[in-house]
Amino acid sequence: MAWSLRQVIEARQADQYRLHGQYLNTSLARVQGIIGFDKIYTRGEGAYLWDADGTRYLDLLAGFSVFNLGRAHPTVKQAMQDLLSLDRPNLIKMDCPLLAGLLAEELSKRMPGGLDAVFFANSGADAVDTALKFARASTRRPRIIYLEHAFHGLTLGTLGINGGEEFRKGFEPLVPGCDAVPMNDVDALEKQLRAGDVAAFIVEPIQGKGVYIPAATYLPEAQRLCRKHGTLFICDEVQMGMGRTGRFLCCEHWGLEPDIVTLSKSLGGGYVPVSATITRRKIHDATFSRLERCQVHSTTFGQNELAMAAGLASLHVLDEEHLVERSATMGEKLLKGLTALQERYEMIADVRGRGLLVGIEFKAPRSLALRAAWTAAEAAQKGLFAQFVVMSLMRDHHMLTQVAGPGVNIIKFLPPLIIGEEEVTAIITAIDQVMAEATEVRGRVWAQGLELVKHALSR
Ligand SMILES: Cc1ncc(COP(=O)(O)O)c(C=O)c1O
């Protein structure tokens, strides 16, 4: 009998969590069960997912920003199908493939400061690793400065510039020559740059973990200092690029002109892993400095046709459907609606974001009974209240969200950029209801939370 993927999926769908528990990340599979995220999703389209029972879920994670265009976008899907049916010769390696050239041309058009040289890889961390190598090769300096709380990936190279102790611990020694500075502290940055040995200062223009937005003058001043001290300024746009914050690149909010930009996630249209490191010709060519060094940095799947086609189709859709503008207008509405809730619920400490990146930070309540519950939760695990909210949004509102990083009481929304008024209203209503319930110490938010605390304590 002919092998059929469709039949394999139908026959084995119910085994997915067991298989992960047995062969993949057992801890992760267990966590999904504990927090009530162990759904069997069978379909994804636009901003929604459906499970095996036909229940619909609003996807406010968008695969960590992979699905800015929504799932199964017809234009990208068609490009994938066209490419397969064309039987194009892929990955010949000893040639210069057309689609990579076209995508590089399209990306270059969208870059500030005339960045015109592109390197394609497979993941965000790949792109960042490339940026760091380019910076070292071009400046011939060893050190890299990054921001506290930064997240640039989890490969051994990018861990050296990861601002989260919980990610670094256990994997040392990391790449030497990397030092963190606090966001908004210009003096701390200049102190590092003045040494004259810093190849690059790398930032996420808005930090994904925690949704931390820099002060208005910080990034322009940081860029100016980098220029003054001969240090390259890298904007890691892996999560914030591709329209997420209401501009094609997040760094456009401050009119920045970085020396290197990294992109990934939605560039693959939700179908194919792909990333790009975009820089100036001179910086790029410092790595490929002689003919015999023309492959000194490369990755096997870097310019594969599926990824390039997905990239071309995705950029086309972003423009055609005005998704960057939509991200700005819908994001503003969402931010406004959630900010209004802050006045009514004392546990909402802050609502912040740009475009369709929105974070809500929680703080301890004043009322004695609630405070005791909060303190018990915090003692069991830092940031647990935010997890209770995430669990309630899933259970009662069928919304997929996440805590914005380890140990923080912040939740984060990264919906597809195609959402409209209906989804914005649904999110605001859901948060309103969850927060109203959270003011009742005997309500379900705390009850389910206490179950989670029991699990945390029994580990
Ligand atoms: C800003 C940033 N850089 C790099 C990465 C790493 O990307 P990847 O997981 O594709 O390696 C991420 C992932 O979330 C990210 O948000």
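What you see is a predicted model, and the numbers here were worked out from it, not measured in a lab. (Residues numbered from 1 in each chain as written. Predicted model: local features only at pLDDT ≥ 70, side-chain atom pairs only at ≥ 80, totals over all residues.)

### A look at the site of the ligand
Working step 1: Close to the ligand lie 14 residues, the nearest being Gly-124, Ala-125, Gly-153, Val-238 and Gln-239.
Working step 2: The greatest single-element share of the shell around the ligand, amounting to three residues, is contributed by helix α7 (residues 124-139).
Working step 3: For the shell around the ligand, the residue count by class is five nonpolar, seven polar and two charged. (Near = placed C-beta within 6 Å. Helix = DSSP H or I, 4+ residues; strand = E, 2+ residues; numbered from the N terminus. Nonpolar A, V, L, I, M, F, W, Y, C, P; charged D, E, K, R; others polar.)

### Overview of helix α5 (residues 74-86)
Working step 1: Here α5 is 13 residues long and its end C-alpha atoms lie 18 Å apart, about the 18 Å a rise of 1.5 Å per residue gives.
Working step 2: Within two residues after α5, Asp-87 carries a phi angle of roughly 50 degrees, on the positive side. (Expected span 1.5 Å × (residues − 1).)

### Some points on the sheet that holds strand β6 (residues 178-181)
Hydrogen bonds along the backbone pair up the strands of a sheet, which may run parallel or antiparallel.
Working step 1: Taken together, seven strands build an open sheet; the order of strands is β4-β10-β9-β8-β7-β5-β6 and the sheet is mixed. Edge positions in the sheet fall to β4 (117-121) and β6, since each of these pairs with one other strand and no more. Averaged over neighbouring strand pairs, the angle between their axes works out to 20 degrees when direction is ignored.
Working step 2: Judged from the three bridges that link them, strand β8 (residues 232-236) and strand β9 (residues 260-263) form a sheet pairing that is parallel. Bridge assignment links Asp-236 to a residue of β9, and that residue is Thr-262.
Working step 3: Sitting on the sheet, helix α6 (residues 98-109) is in contact with β4 and β10 (275-279), with an inclination near 120 degrees to β4.
Working step 4: Strand contacts of α7: β4, β5 (143-147), β7 (198-203), β8, β9 and β10, with the helix running at about 25 degrees to β10, the strand carrying the most contacts. (Pairing = 2+ DSSP bridges. Axes fitted to C-alpha atoms, helices over the stretch in contact; angles between N-to-C directions. Contact = placed C-beta atoms within 7 Å.)

### Describing the domain arrangement of the chain
Working step 1: Splitting the chain by domain gives domain 1 (14-69 + 323-457) and domain 2 (74-320).
Working step 2: Using only C-alpha atoms to locate each centre, domain 1 and domain 2 end up separated by 29 Å.
Working step 3: Of all elements in the fold, only α4 (62-65), α14 (323-342), β11 (348-354), β12 (357-362) and β15 (410-413) reach the threshold of two or more residues within the side of domain 1 that touches domain 2.
Working step 4: With five residues, α14 is the single largest residue contributor to the side of domain 1 that touches domain 2.
Working step 5: When the residues that make up the side of domain 1 that touches domain 2 are grouped by side-chain class, the tally is 14 nonpolar, nine polar and three charged. (Domains from an automatic or database assignment.)

### Re the pairing of β4
Working step 1: Of all the five residues making up β4, four are buried; the element is thus mostly covered by neighbouring parts of the structure.
Working step 2: Here β4 pairs with β10 via five bridges, running antiparallel. Among the inter-strand pairings, Ala-121 is bridged to a residue of β10, identified as Ser-275. (Buried ≥ 20, exposed ≤ 12 C-beta atoms within 10 Å, placed from the backbone.)

### Topic: the sheet that holds strand β13 (residues 399-400)
Working step 1: Spatially, β1-β2-β3-β13 is the arrangement adopted by the four strands of the open sheet, whose pairing is mixed. Of all strands in the sheet, those with a lone pairing partner are β1 (41-45) and β13, marking the two edges.
Working step 2: In the sheet, β1 pairs with strand β2 (residues 48-51) via four bridges, with the strands oriented antiparallel. Note that in β2 the partner of Tyr-41 across the bridge is Asp-51.

### Brief notes about the environment of Gly-449
Working step 1: For Gly-449, the location among the structural elements is in helix α18 (residues 444-457).
Working step 2: Residues Gly-449 and Arg-30 lie 419 residues apart in sequence; the distance between their C-alpha atoms is 16 Å.
Working step 3: Once you skip the residues sitting within four places of it in the chain, Gly-449 turns out to touch Ala-377, Leu-384 and Phe-388.

### A closer look at α6
Working step 1: Here α6 spans 17 Å end to end across 12 residues, near enough to the 16 Å set by a 1.5 Å rise per residue.
Working step 2: Inspection of α6 places Leu-99, Leu-103, Ala-104 and Leu-107 among the buried residues, and these make up the whole buried set. Down the axis, α6 shows its buried residues gathered within 135 degrees of arc, on one side only. Relative to its buried face, α6 has exposed residues pointing more than 90 degrees away, namely Leu-98, Glu-105 and Lys-109.
Working step 3: Contact partners of the buried residues in α6: β4, β10 and α13 (305-320). (Arc of directions from axis to C-beta.)

### Here we look at the nonpolar core
Working step 1: Counting 126 residues, the largest nonpolar core has Ala-200, Phe-201 and Ala-310 as the members making the most contacts within it.
Working step 2: Counting residues domain by domain, this core receives three or more from each of domain 1 (14-69 + 323-457) and domain 2 (74-320).
Working step 3: Those residues within four positions of Phe-201 in sequence are excluded, and the remaining contacts are Ile-145, Leu-189, Ala-222, Cys-226, Thr-231 and Phe-233. (Core = buried A, V, L, I, M, F, W, Y, C linked by C-beta atoms within 7 Å.)

### Describing the pairing of β9
Working step 1: Here β9 shows no split at all, with Ile-260 and Thr-262 on one side and Val-261 and Leu-263 on the other all buried.
Working step 2: Where β9 lies against β10, four bridges are found, and the strand directions are antiparallel. Bridge pairing links Leu-263 to Ala-276 in β10.

### Observations regarding the environment of His-20
Working step 1: Note that His-20 resides in helix α2 (residues 16-23).
Working step 2: The class for His-20 is partly exposed, based on 16 C-beta atoms found within 10 Å.
Working step 3: Separated by 182 residues in sequence, His-20 and Ile-202 place their C-alpha atoms 35 Å apart.
Working step 4: Setting aside chain neighbours within four positions, we find His-20 in contact with Asn-25 and Ala-29.

### Things to note about unusual backbone geometry
Working step 1: Of note, the amide linkage connecting Glu-172 to Pro-173 takes the cis form, showing an omega dihedral of 0 degrees.
Working step 2: Its location among the elements puts Pro-173 in the loop between α9 (165-168) and β6.
Working step 3: Even without being glycine, Phe-64 reaches a positive phi, approximately 60 degrees.
Working step 4: Position of Phe-64 relative to the elements: it lies in helix α4.

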